[in-house]
Amino acid sequence: SQQGEEDPQALSIQEGENATMNCSYKTSINNLQWYRQNSGRGLVHLILIRSNEREKHSGRLRVTLDTSKKSSSLLITASRAADTASYFCATESGNTPLVFGKGTRLSVIA
Amino acid sequence: GAVVSQHPSRVICKSGTSVKIECRSLDFQATTMFWYRQFPKQSLMLMATSNEGSKATYEQGVEKDKFLINHASLTLSTLTVTSAHPEDSSFYICSARGDSQAITFGSGTRLTVV
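Below is a summary of the structure that appears in this document. Computed from a predicted structure; not experimentally measured. (Residues numbered from 1 in each chain as written. Chains lettered and ligands numbered in written order. Predicted model: local features only at pLDDT ≥ 70, side-chain atom pairs only at ≥ 80, totals over all residues. Heavy atoms only, no water.)

**Quick word on the overall build of chain B**
On a plain count of helices and strands, chain B comes out with 0 helices and 11 strands. The helix and strand sequence of chain B, counted from the amino end, reads β-β-β-β-β-β-β-β-β-β-β. Against the globule reference of 13 Å for 114 residues, chain B gives a C-alpha radius of gyration of 13 Å, in line with a compact fold. Expressed as lengths along the three principal axes of its C-alpha atoms, the size of chain B is roughly 40 × 25 × 20 Å. In chain B, which comprises 114 residues, the share counted as buried stands at 49%. (Helix = DSSP H or I, 4+ residues; strand = E, 2+ residues; numbered from the N terminus. Rg over C-alpha atoms; globule rule 2.2 N^0.38 Å. Buried < 20%, exposed > 50% of the residue type's maximum accessible area, 1.4 Å probe, protein only.)

Here it is as structure tokens:
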């Protein structure tokens, strides 16, 4: 079953701007992960944040996790045209499979 | 790092034929493998979970007789789409979990049934 809900579904920004995507989930989790997918391609793992962490950084990526609100956000700073892709959050609980959100389609216009 | 090889990356088949997709863990033993399906502009939907040496567990609404999953070894799982129809055209992605509990994804298979 699909657990994550992402918003917005689609986001279009100018190069250089920041892009923020949000993800909400329903049950307790061990960790939350963000993935990127270029059109018609496989998934690229971006970052994993554990349930006891509140914020994590990786290059131009910043992820926050609020377990009380069951939500996470992914911020991409100083976006580039090459960041154009779909972004998915996925939650992991115990040994269950990753459950993916619906994704946000990001378009960065040069 | 852990690598999962998925083959073929693209396949076109005629309606009514069967197609086999392979998912191999190259440098680790995958105790559990997962198969997902993704329709255009949609998210990944879990189809089934397979553990080495046992029958796969299918998600609700996924026909086990149509999507045959075999996980005969700790490094290989296969998904066979039997009697494929145009509505089975989709992007199929496998992932594998080893002893480290980290999950690694294959690069996906684009299936087109004509």
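The discussion continues.
**Some points on the sheet that holds strand β8 (residues 76-81) of chain B**
All names here are of chain B. Sheet architecture is open: 4 strands sit in the order β1-β3-β8-β7, paired in antiparallel fashion. Of all strands in the sheet, those with a lone pairing partner are β1 (4-7) and β7 (67-73), marking the two edges. Between one strand axis and the next, the sheet turns by 15° as a mean value, whatever way the strands run. Two elements, β1 and strand β3 (residues 19-25), share 4 bridges in a ladder whose sense is antiparallel. Opposite S5, over in β3, you have R24 as the bridge partner. (Pairing = 2+ DSSP bridges. Axes fitted to C-alpha atoms, helices over the stretch in contact; angles between N-to-C directions.)

**Here we look at the packing of aromatic side chains**
Counted under the stated rule, the structure contains 7 aromatic pairs over all chains. Where Y35 of chain A meets F100 of chain A, the ring centres are 5.6 Å apart and the plane angle is 50°; that geometry is what we call tilted. Note that Y35 of chain A is positioned in strand β4 (residues 31-37) and F100 of chain A in strand β10 (residues 99-100), a separation of 65 residues in sequence. On the basis of relative accessible area, F100 of chain A is assigned to the buried category, the value being 1%. For the ring pair Y35 of chain A and F105 of chain B, a centre distance of 5.3 Å and an interplane angle of 75° mean the geometry is edge-to-face. In this pair, Y35 of chain A is assigned in strand β4 and F105 of chain B in strand β10 (residues 103-105), connecting two distinct chains. In this structure F105 of chain B comes out as buried when scored by relative accessible area, which is 11%. In textbook terms, an aromatic cluster arises when at least three aromatic residues are bridged by ring pairs, as seen for Y35, F88 and F100 of chain A together with Y36 and F105 of chain B. (Phe/Tyr/Trp six-rings, centres within 6.5 Å; stacked < 30°, edge-to-face > 60°.)

**Notes on the interface of chain B and chain A**
On the chain A side, the residues contacting the 19 residues of chain B number 19 residues. For the pair chain B and chain A, the summed buried area comes to about 1,400 Å², and 53% of that belongs to carbon and sulfur atoms. Three residues, S43, R97 and F105 of chain B, lead the burial of chain B against chain A; their summed loss comes to 30% of the area buried on that side. On inspection of chain B and its partner chain A, the count reaches 1 salt bridge. Those elements that provide at least two residues to the side of chain B that touches chain A are β4 (32-38), β5 (44-51), β9 (90-97) and β10 of chain B. Of the residues contributing to the side of chain B that touches chain A, the split by class is 9 nonpolar, 6 polar and 4 charged. (Contact = heavy atoms within 4.5 Å. Buried area = accessible area lost by both parts, 1.4 Å probe. Salt bridge = Lys/Arg side-chain N within 4 Å of Asp/Glu carboxyl O. Nonpolar A, V, L, I, M, F, W, Y, C, P; charged D, E, K, R; others polar.)

**Some words on the pattern of salt bridges**
All names here are of chain B. Overall, the coordinates contain 6 salt bridges over all chains when judged by the stated rule. Among the salt bridges present, the one from R24 reaches E22, with a minimum N-O distance of 3.5 Å. Judged by its relative accessible area of 35%, R24 falls in the partly exposed class.

**Section: the sheet that holds strand β6 (residues 55-58) of chain A**
Residue and element names in this part refer to chain A. Reading across the sheet, the 5 strands line up as β1-β3-β8-β7-β6 and stay open at both edges, with antiparallel pairing between neighbours. A strand with exactly one partner marks an edge of an open sheet, and here the two such strands are β1 (5-7) and β6. The average undirected angle you get between the axes of adjacent strands in this sheet is 15°. Strand direction decides the pairing type here: β1 and strand β3 (residues 19-24), joined by 3 bridges, are antiparallel. Of the residues in β3, the one forming a bridge with D7 is N22.

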